[in-house]
Amino acid sequence: ATNRVVNSSLSGAYHFQGALKGLSIGARYAYDNIWHTVQSFSKKFAVQEILGQDPDGTPLYSDLLGQDTQLSYSIGNDAQVRHEHFEAFLRYKLFGRTDIHSLDAMAVYHQDKQYTNSAEPYGTQYLAARLNYAYKQRYLADFSVSYSGSEEFAEGNRFEWFPALSLGWILSEEKFLKDSKTVDFLKLRASAGL
């Protein structure tokens, strides 16, 4: 068997300063290529039985028990998979005074394309947004939505909206548990999504 694997990734981000502090943009591109092949060889020989020896000590053989003397060679299970990935994001993190309020918002564009041997390429794509809010690092709210699609589905039905909402409460940050020697972290969380 022979394998060749190439994995590569290139990414970059820029973090703004001054009036736009907290804002960052970035992108990532990855390329993977996997090639796998199996070569098999087989050789079959004619078989005879040794019956004994003649007076000179030369072995005496029976007639051929099998006539298959051909050499066979095959190459099989060739596979090549190429995967391309691209992603770009815009992110904004805002922290209020003394960490009373914190806000983290992000938008992401993502696409994948996979090529397998000579088959048609298969792709997925989505645009997603996420908003995280925390009050006093105790009360949490997360909202996300994506508009995602796949070439696996028929045209006209390839994309759909997928929203999700999550609420959290970190009880271990409350006064009644803050000094507990038994519980160092306790969080309740409820979420729903499509």
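For the structure, see preceding data.
Residues numbered from 1 in each chain as written. Predicted model: local features only at pLDDT ≥ 70, side-chain atom pairs only at ≥ 80, totals over all residues. Heavy atoms only, no water.

Trainee: Could you clarify how one ought to interpret the overall build of the protein chain in this entry?
Mentor: From N to C terminus, the protein chain includes one helix and 10 strands. Helices and strands in the protein chain line up, N terminus first, as β-β-β-β-β-β-β-β-β-α-β. Counting every position in the protein chain, which comprises 194 residues, the buried fraction comes to 16%. A fraction of 50% describes how many contacts in the protein chain between residues 6 or more apart in sequence connect residues 24 or more apart. Just so you have it, the protein chain exposes about 14,400 Å², and 57% of that area is on carbon and sulfur atoms. (Helix = DSSP H or I, 4+ residues; strand = E, 2+ residues; numbered from the N terminus. Buried < 20%, exposed > 50% of the residue type's maximum accessible area, 1.4 Å probe, protein only. Contact = heavy atoms within 4.5 Å. Areas by Shrake-Rupley, 256 points an atom, 1.4 Å probe, with all protein chains shown as cover.)

Trainee: Looking at this structure, how should I read the pairing of strand E8 (residues 139-150)?
Mentor: Consecutive side chains of a regular strand alternate in pointing toward one face of the sheet and then the other. When strand E7 (residues 122-135) meets E8, the two strands line up antiparallel, connected through 12 bridges. Following the sheet pairing, leucine 131 is matched in E8 by phenylalanine 143. Taking the residues that link successive antiparallel strands as the turn, the E7-E8 hairpin has three residues, and the phi of lysine 136 there is positive, at about 55 degrees. With 11 bridges joining them, E8 and strand E9 (residues 159-170) adopt antiparallel strand pairing. Across the sheet, aspartate 142 pairs through a bridge with serine 166, a residue of E9. (Pairing = 2+ DSSP bridges.)

Trainee: Explanation requested: the environment of glycine 149 in the structure shown.
Mentor: Following the sequence through the fold, glycine 149 ends up in strand E8. For glycine 149 and tyrosine 126, which are 23 residues apart along the polypeptide, the C-alpha to C-alpha distance reads 6.1 Å.

Trainee: Is there a simple way to explain the packing of aromatic side chains in this structure?
Mentor: The description of two aromatic rings rests on the distance between their centres and on the angle between their planes. One pass over the structure, following the stated rule, counts five aromatic pairs. With centroids separated by 4.7 Å and ring planes inclined at 40 degrees, the aromatic side chains of tyrosine 147 and tryptophan 161 adopt a geometry described as tilted. Here tyrosine 147, found in strand E8, pairs with tryptophan 161, found in strand E9; they are 14 residues apart in sequence, far enough to count as distant. The structure contains a cluster of three or more aromatic residues connected by ring pairs, namely Tyr147, Phe159 and Trp161. (Phe/Tyr/Trp six-rings, centres within 6.5 Å; stacked < 30°, edge-to-face > 60°.)

Trainee: I tried to follow a nonpolar patch on the surface on my own but got confused; where do I start?
Mentor: Taken together, Leu127, Tyr147, Phe159 and Trp161 make up a surface patch of nonpolar side chains, about 410 Å² in accessible area. One can find leucine 127 in strand E7. (Patch = residues over 30% accessible without salt bridge, like charges linked within 9 Å, V, L, I, M, F, W, Y side chains within 5 Å. Salt bridge = Lys/Arg side-chain N within 4 Å of Asp/Glu carboxyl O.)

Trainee: Can you help me understand the pairing of strand E10 (residues 187-193) in this one?
Mentor: E10 sits mainly on the outside: zero of its seven residues count as buried. One ladder, built from seven bridges, connects E9 with E10; its direction is antiparallel. Residue pairing for E10: isoleucine 170 is matched across the bridge by lysine 187.

Trainee: Can you help me understand unusual backbone geometry in this one?
Mentor: Residues apart from glycine generally show negative phi values, whereas peptide bonds are mostly found in trans. Non-glycine residue lysine 136 carries a positive phi angle of around 55 degrees. By secondary structure assignment, the location of lysine 136 is in the loop between E7 and E8.

Trainee: I keep staring at the pattern of salt bridges and nothing clicks. Help me out?
Mentor: Here the idea is simple: oppositely charged side chains can pair when their charged atoms come close. The full count for this structure, using the stated rule, is six salt bridges. In this structure, arginine 82 and glutamate 84 form a salt bridge, with 3.6 Å as the shortest nitrogen-oxygen distance. Among the residues examined, arginine 82 registers a relative accessible area of 28% and is labelled partly exposed. Taken together, the salt bridges that share partners define one network made up of Arg91, Asp104 and Arg130.

Trainee: Whenever I open this one, the side chain of serine 148 confuses me. Can you help?
Mentor: By the element assignment, serine 148 lies in strand E8. Here serine 146 takes part through its side chain, which lies 3.1 Å from a polar atom of the side chain of serine 148. Beyond its immediate stretch of four places on either side in the chain, serine 148 contacts Gln125, Tyr126, Arg158, Phe159, Glu160 and Phe162. (Polar contact = N/O pair within 3.5 Å; in protein donor to acceptor, adjacent residues only side chain to side chain.)

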